Amino acid sequence: MRIILITPAPPQSRAGNRATASRWASILRALGHTVEIAVTYTGQKADLMLALHAWRSAESIQQFSDAFPNHPLIVAITGTDAYRFIYSHPDTTLQSIHLADYLVGLHDLIGNTLPEDQRHKLYVIHQSAEPIGKREPYKRYFHVSVMGHLRDEKDPMRPAMAARELPPQSRIQVHHYGKPHTPEWADLAQAEMRINPRYVWHGEIAHHKIRQVYRRTHLLVLPSRMEGGANVISEAIVAGVPVIASDIEGSIGLLGDDYAGYYPVENEQALATLLLKAEFDNAYYAKLEQACIAKRPLFTLENETSGWRDLLKRCR
């Protein structure tokens, strides 16, 4: 099939949506399909459209549906679709959802946000990540990673705020990797570094360098207010890095209800308590580590490829 893949993130972007689109294109090509990635639909003939983002890609979705009403249309539901735009821009977001023949979600609970009469369209495909080889965590301090751009949905400064709560005997350092959404976010991160010796903001770095961080870090913290199924969790799990996350659906839908590494969203005191527990309680750290290792089969390339193969068979 000839597939047009729409993502609102431009080619040079390191945003999650662009990375997801690029990986999906590679998978679909390996399955024998021709794939064109575009930011907007401009009338290209295609056998199928796969659109990331029900709200941001709404115009492209409508145009393809009008041009090829009998061709399959797949819409991938992002975190902001599921937890923001379905409420703030319901007409546009729900229109895309209703036009879709199939919906793709990235975690097991995302169907909870969809209208009941649309849930039968949902197909959950977990994002994969590449193994990194043997881990060699730092010995001189306890390295905590935050992988995420600085924007409101990510609650990016919460780990830094938690680090302020730590006692002197802690060796925790929080290292944050991500692009500021606005100059004000950059100012916040730089100001935090001036007052908080436990916090280092590295800005946006290339993915091959992120892979090296996973080799050396002790822990990933995902403090988000909303997520559609963060690929950083997939990457951490495949790398063997334990995760502490805010207790949002997007993380619970990947790690499971019984995972021991959740804290109440926006609660830096509770996060600080878990950080200390991970640093000093070896049994707790091992429990997180083993739980993440047990989830690895969900996030293999083989599993993600199988999901797309099965879904495209339905589209024929």
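In the block above lies the structure referred to throughout.
Rules of the game
- Numbers given to residues run from 1 along each chain, matching the order in which its sequence is written.
- The predicted origin of the model limits local features to residues at a pLDDT of at least 70 and limits the giving and counting of side-chain atom pairs to 80 or more, whereas totals for whole chains, interfaces and linings rest on all residues.
- Side-chain metrics in this entry use all non-hydrogen atoms of the structure; hydrogen atoms and water are not considered.
- For this document, the term salt bridge refers to a Lys or Arg side-chain nitrogen within 4 Å of an Asp or Glu carboxyl oxygen.
- Helix and strand definitions here come from DSSP, where helices need a minimum of 4 consecutive H or I residues and strands a minimum of 2 consecutive E residues; each element is numbered from the N-terminal end.
- Burial status follows relative accessibility: with a 1.4 Å probe on protein chains alone, a residue under 20% of its type maximum counts as buried, one over 50% as exposed, and anything between as partly exposed.
- Two strands form a pair only when DSSP identifies at least two bridges running between them.
- Crossover handedness is defined by viewing with both strands directed away from the observer: a clockwise path from the first strand over the helix to the second marks the crossover as right-handed.
- Side-chain rings of Phe, Tyr and Trp (the six-membered ring for Trp) are treated as a pair once their centres are within 6.5 Å; stacked means planes under 30 degrees apart, edge-to-face means over 60, and tilted covers the remaining angles.

With respect to the pattern of salt bridges
The full count for this structure, using the stated rule, is 13 salt bridges. Notably, a salt bridge pairs E36 with R2, separated by 3.0 Å at the nearest N-O pair. Of the two residues, E36 is situated in strand β2 (residues 34–38) and R2 in strand β1 (residues 2–6); the sequence distance between them amounts to 34 residues. D155 is paired through a salt bridge with R225; the nearest N and O atoms lie 3.1 Å apart. Here D155, found in the loop between β7 (142–147) and α5 (158–164), pairs with R225, found in the loop between β10 (219–222) and α8 (231–239); they are 70 residues apart in sequence, far enough to count as distant. What makes R225 partly exposed here is its relative accessible area of 28%. One continuous salt-bridge network, built from bridges that share partners, spans D152, D155, R158, R225, E266 and E268.

Brief notes about the pairing of strand β11 (residues 243–246)
Side-chain alternation along β11 places V243 and A245 on one buried face and I244 and S246 on a second face that is also buried. Taken together, the three bridges between β10 and β11 define a ladder with parallel strand orientation. Each residue of the ladder has a partner; that of V221, found in β11, is I244. In this fold, the crossover linking β10 to β11 by way of α8 has right-handed handedness. Pairing of β11 with strand β12 (residues 262–263), which is carried by two bridges, proceeds in the parallel orientation.

Some words on the packing of aromatic side chains
Applying the stated rule across the entire model yields seven aromatic pairs. Taking 4.9 Å as the distance between ring centres and 65 degrees as the angle between the ring planes, the aromatic pair formed by W24 and W308 counts as edge-to-face. One end of the pair, W24, is in helix α1 (residues 16–30); the other, W308, is in helix α12 (residues 301–315), and 284 residues separate them in sequence. The exposure class of W308 is buried, given its relative accessible area of 0%. Arranged with centres 4.1 Å apart and planes meeting at 20 degrees, the rings of W55 and F85 form a pair that is stacked. Of this pair, W55 sits in the loop between β3 (48–52) and α2 (58–67) while F85 is found in helix α3 (residues 79–88), placing the two residues 30 residues apart along the sequence. With a relative accessible area of 6%, F85 lands in the buried category.

Regarding the environment of T300
Within the fold, T300 resides in the loop between α11 (282–294) and α12. Here T300 falls in the partly exposed class, since its relative accessible area comes to 27%. In this structure the C-alpha to C-alpha distance between T300 and V238, which are 62 residues apart in sequence, comes to 7.8 Å.

Let's talk about the pairing of β3
Within a regular strand, side chains alternate between the sheet's two faces. Counting buried positions along β3 gives five out of five residues, so the element sits mostly inside the fold. Side-chain alternation along β3 places L48, L50 and L52 on one buried face and M49 and A51 on a second face that is also buried. As judged from the four bridges shared by β1 and β3, these two strands associate in the parallel manner. Across the sheet, residue L5 finds its bridge partner in β3, namely L50. As paired strands, β3 and strand β4 (residues 73–76) are joined by four bridges and run parallel to one another. Bridge pairing in β4 links A51 to V75. Once the chain exits β3 it traverses α2 before rejoining the sheet at β4, and the crossover so formed is right-handed.

The analysis is restricted to geometry; functional conclusions fall outside its scope.
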